[in-house]
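One letter stands for each residue in the lines below.
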Amino acid sequence: MHVLGIDVGGSGIKGAVVDIATGTLVTEKLRLPTPDGARPDDIAMVVKEIVGQLNWSGKIGIGFPSLIINGVALIAANIDSSWVGLNVVELFSNATGCPVVVVNDADAAGIAEMTYGTGKAYQKGVVLFLTLGTGIGSAFFVNGHLFPNTELGHLEVRGKDAEKRASAAVRTEKNLGWKEWAERLQEVLAKMEMLFSPDVIILGGGVSKNSDKFLPYLNLRAKVIPAQLRNDAGIIGAALFASRQG
Ligand code: BGC
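Residues numbered from 1 in each chain as written. Predicted model: local features only at pLDDT ≥ 70, side-chain atom pairs only at ≥ 80, totals over all residues. Heavy atoms only, no water.

Turning our eyes to something else, we now look at the pairing of strand E2 (residues 12-19). Burial within E2 is extensive, with eight of its eight residues counted as buried. Linking strand E1 (residues 2-8) to E2, which pair antiparallel, is a turn of three residues. Relative to strand E4 (residues 30-33), E2 runs antiparallel, the two being bridged by four bridges. Opposite Gly-12, over in E4, you have Pro-33 as the bridge partner. In the sheet, E2 pairs with strand E3 (residues 24-25) via two bridges, with the strands oriented antiparallel. Bridge pairing in E3 links Asp-19 to Thr-24. Linking two consecutive strands that pair antiparallel, namely E2 and E3, is a turn of four residues; a positive phi of about 70 degrees is found at Gly-23 within it. (Buried < 20%, exposed > 50% of the residue type's maximum accessible area, 1.4 Å probe, protein only. Helix = DSSP H or I, 4+ residues; strand = E, 2+ residues; numbered from the N terminus. Pairing = 2+ DSSP bridges.)

Structure representation (structure tokens):
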């Protein structure tokens, strides 16, 4: 089965057709810049453009950086506030004319890692998957099953959202060295560990390719490992999630 996976991110919108049996991309991966302001109609236009360029007319899974309940976006931390309360499934299916399933971006990347990536080996116990990007997204797994819609990037650390202290974007914006950033990440992870006691923490997002630069500075009881699928996890997971619906 093939499904088009699209990952809406803070800086880019990526899409490719995914073979669900293997979790691999069967077309080229397109990446278009996220329009300034990340407003709904502008993002819908980019999604439509990707669908057109790939000449796709089947099911689409979209990973989106918000809490999504019954197709409606409920939080707008790194996107325009007009997304809150909007039925994003309707928006994207009207724009593309295709059946659309929308899922939180971190839940999407997490299920991809657990199914095809490094998480495959951890189907027993509690796994916390985090994406470190523009924000911090979380996906929680208990014995391989997703506990959906967790928003641990908004856990308060030193009076701020965790993602405002330790996302990958904060490292770049504040020009932090790896050690300095890792100290912030350590604080965030220690708080999550104290509250949820995961056995394994998988760190994803583009920054995971540099894990040798910051993992040595982390000290947690959980085993901390980098994600494997890197930047494709969101696309693959959104397609996989959609393939499991209806
Ligand atoms: C959003 C989450 C999202 C994460 C990563 C957070 O600000 O609230 O829904 O998963 O960013 O994009």
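Before going further, it helps to examine helix H1 (residues 40-53). In a regular helix each residue adds 1.5 Å, so 14 residues correspond to 20 Å; H1 covers 20 Å between its end C-alpha atoms and thus fits that length. Three or more residues of H1 are buried, namely Pro-40, Ile-43, Ala-44, Val-46, Val-47, Ile-50 and Val-51. Buried residues of H1, viewed axially, fall in a sector of 160 degrees; they line one side. Of the exposed residues in H1, the ones pointing more than 90 degrees away from its buried face are Asp-41, Met-45 and Gly-52. (Expected span 1.5 Å × (residues − 1). Arc of directions from axis to C-beta.)

Right, let's get into the packing of aromatic side chains. Two descriptors summarise a pair of aromatic rings, namely the distance from one centre to the other and the angle between the planes of the rings. Going through the model one piece at a time under the given rule, you end up with seven aromatic pairs. An angle of 35 degrees between the planes, with centres 6.2 Å apart, marks the rings of Trp-83 and Phe-92 as tilted. We note that Trp-83, like Phe-92, is buried. Ring centres 5.0 Å apart and planes at 80 degrees place the aromatic pair Trp-181 and Phe-214 in the edge-to-face group. Here the residue Trp-181 occupies a position in helix H6 (residues 178-196), and Phe-214 occupies one in helix H7 (residues 211-214), the gap between them amounting to 33 residues. Judged by its relative accessible area of 0%, Trp-181 falls in the buried class. In this structure an aromatic cluster arises from ring pairing among Phe-64, Trp-83 and Phe-92. Residue placement shows Arg-171 over the ring face of Trp-178; its charged tip is 3.7 Å from the ring centre. (Phe/Tyr/Trp six-rings, centres within 6.5 Å; stacked < 30°, edge-to-face > 60°. Lys NZ or Arg CZ within 6 Å of the ring centre and 35° of its normal.)

Time to look at the packing of helix H3 (residues 105-116) against helix H8 (residues 233-243). Between H3 and H8, the shortest axis-to-axis distance is 7 Å and the interhelical angle comes to 85 degrees. Between H3 and H8, the crossing angle belongs to the class labelled roughly perpendicular. Along its contact with H3, which presents Ala-108, Ala-109, Ile-111, Ala-112, Glu-113, Thr-115 and Tyr-116, the element H8 presents Ala-233, Gly-234, Ile-236, Gly-237, Ala-238, Leu-240 and Phe-241. Of the residues in the contact of H3 with H8, the class split is 10 nonpolar, three polar and one charged. (Axes fitted to C-alpha atoms, helices over the stretch in contact; angles between N-to-C directions. Parallel < 35°, antiparallel > 145°, perpendicular 65-115°, else oblique. Contact = heavy atoms within 4.5 Å. Nonpolar A, V, L, I, M, F, W, Y, C, P; charged D, E, K, R; others polar.)

Next up on the list: the environment of Val-224. Checked against the element boundaries, Val-224 lands in strand E15 (residues 223-226). Apart from the residues within four sequence positions on either side, Val-224 is in contact with Ile-201, Leu-203, Leu-215 and Leu-218.

Right, let's talk about the domain arrangement of the protein for a bit. Assigned domains within the protein: domain 1 (2-107 + 233-243) and domain 2 (121-228). One C-alpha centre belongs to domain 1, the other to domain 2; they are set 23 Å apart. Facing 11 residues of domain 1, the contacting portion of domain 2 comprises 14 residues. The largest per-residue losses of area from domain 1 upon contact with domain 2 belong to Asn-78, Ala-106 and Asp-107, which jointly make up 51% of the total buried on that side. Counting the contacts that link domain 1 with domain 2 gives zero salt bridges. Our enumeration of links across domain 1 and domain 2 arrives at two residue pairs in polar contact (both at pLDDT 80 or more). Elements with a minimum of two residues in the side of domain 1 that touches domain 2: strand E6 (68-69) and H3. (Domains from an automatic or database assignment. Buried area = accessible area lost by both parts, 1.4 Å probe. Salt bridge = Lys/Arg side-chain N within 4 Å of Asp/Glu carboxyl O. Polar contact = N/O pair within 3.5 Å; in protein donor to acceptor, adjacent residues only side chain to side chain.)

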